[in-house]
Amino acid sequence: MLFRSNPILIRDDVYPGVHHLSGTMPVPLSCDDLAVHVVQVTQYSYRIVFETWQNPALTCYKAQTTRDFTVIAFAPTTGTAFAATFDDKPIAVAVVQNVHDTDTNTNTSVR
């Protein structure tokens, strides 16, 4: 099974109005590449969309592997909620925020 009961961990480096989301995503085939983008659902709700595609330049066999990802979301600094889909199916994610205060050059981790 590609996704166990544990959510996918996503790091969220938050700056005023900008979320830098990154992490590692398992994919089912050795030739799967990963595309990711963010869609605004409501004023404070966003969906991280993960989509796979088979890279013809790679040998393809059924073997779970991981792909690193990074994506930027322009969203409110506070009160923002993220959900996610993987190939159009909802998946569980845990977004761990690291809030950067550019005025004082400090950061605070929020879960």
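Residues numbered from 1 in each chain as written. Predicted model: local features only at pLDDT ≥ 70, side-chain atom pairs only at ≥ 80, totals over all residues. Heavy atoms only, no water.

Peer 1: Outline the overall build of the chain, listing residues and values.
Peer 2: Looking only at helices and strands, one finds 0 helices and 9 strands in the chain. N-terminal to C-terminal, the α/β element order of the chain is β-β-β-β-β-β-β-β-β. Taking all contacts inside the chain whose residues are at least 6 apart in sequence as the whole, residues at least 24 apart take part in 68%. Surface summary for the chain: the accessible area is close to 6,800 Å², and the carbon and sulfur share equals 52%. (Helix = DSSP H or I, 4+ residues; strand = E, 2+ residues; numbered from the N terminus. Contact = heavy atoms within 4.5 Å. Areas by Shrake-Rupley, 256 points an atom, 1.4 Å probe, with all protein chains shown as cover.)

Peer 1: A description of the environment of A73 should follow, citing residues and the corresponding values.
Peer 2: Mapping A73 onto the fold places it in strand β5 (residues 62–74). Sequence separation between A73 and V39 is 34 residues; the distance between their C-alpha atoms is 8.4 Å. The contact partners of A73, leaving out residues within four places of it in the chain, are G17, V18, H19, L21, V38 and F82.

Peer 1: Quick rundown of the environment of W53? Include the residues and the values.
Peer 2: Among the secondary structure elements, W53 is positioned in strand β4 (residues 45–54). On the basis of relative accessible area, W53 is assigned to the partly exposed category, the value being 44%. When the C-alpha positions of W53 and L29 are compared, they lie 9.7 Å apart, and in sequence the two are 24 residues distant. With near-sequence residues (within four places) excluded, W53 lies in contact with C31, D32, D33 and L34. (Buried < 20%, exposed > 50% of the residue type's maximum accessible area, 1.4 Å probe, protein only.)

Peer 1: Tell me about the nonpolar core, residues and numbers included.
Peer 2: One finds I10, M25, F50 and I91 to be the most contacted residues of the largest nonpolar core, which totals 18 residues. Those elements that place two or more of their residues in this core are β1 (8–15), β2 (18–29), β4, β5 and β6 (81–86). Leave out the neighbours within four places in its chain, and I10 touches L21, S22, I48, F50, F69, V93, A94, V95 and V96. (Core = buried A, V, L, I, M, F, W, Y, C linked by side-chain atoms within 4.5 Å.)

Peer 1: Pulling in residues and values, what's your account of the pairing of β1?
Peer 2: Relative to strand β8 (residues 93–101), β1 runs parallel, the two being bridged by 7 bridges. Considered in β8, the bridge of V14 is made with V99. The pairing of β1 with β2 spans 6 bridges and is classified as antiparallel. The residue of β2 that forms the bridge with D13 is H20. Here β1 hands over to β2 after 2 residues, with G17 in that stretch at a positive phi of 80°. (Pairing = 2+ DSSP bridges.)

Peer 1: Describe the side chain of T85, with residues and values.
Peer 2: Within the secondary structure, T85 is located in strand β6. Assessed through its relative accessible area of 13%, T85 is described here as buried. Discounting chain neighbours no more than four positions away, the residues touching T85 are R47, I48, V49, F50, P90 and I91.

Peer 1: Please give an account of the packing of aromatic side chains that cites residues and values.
Peer 2: Under the defined criterion, the tally for this structure stands at 2 aromatic pairs. On the numbers, 6.0 Å between centres and 45° between planes, the contact of Y46 with F82 is tilted. Placement of the pair is Y46 in strand β4 and F82 in strand β6, with a sequence separation of 36 residues. When its relative accessible area of 5% is taken as the criterion, Y46 is described as buried. The exposure class of F82 is buried, given its relative accessible area of 13%. (Phe/Tyr/Trp six-rings, centres within 6.5 Å; stacked < 30°, edge-to-face > 60°.)

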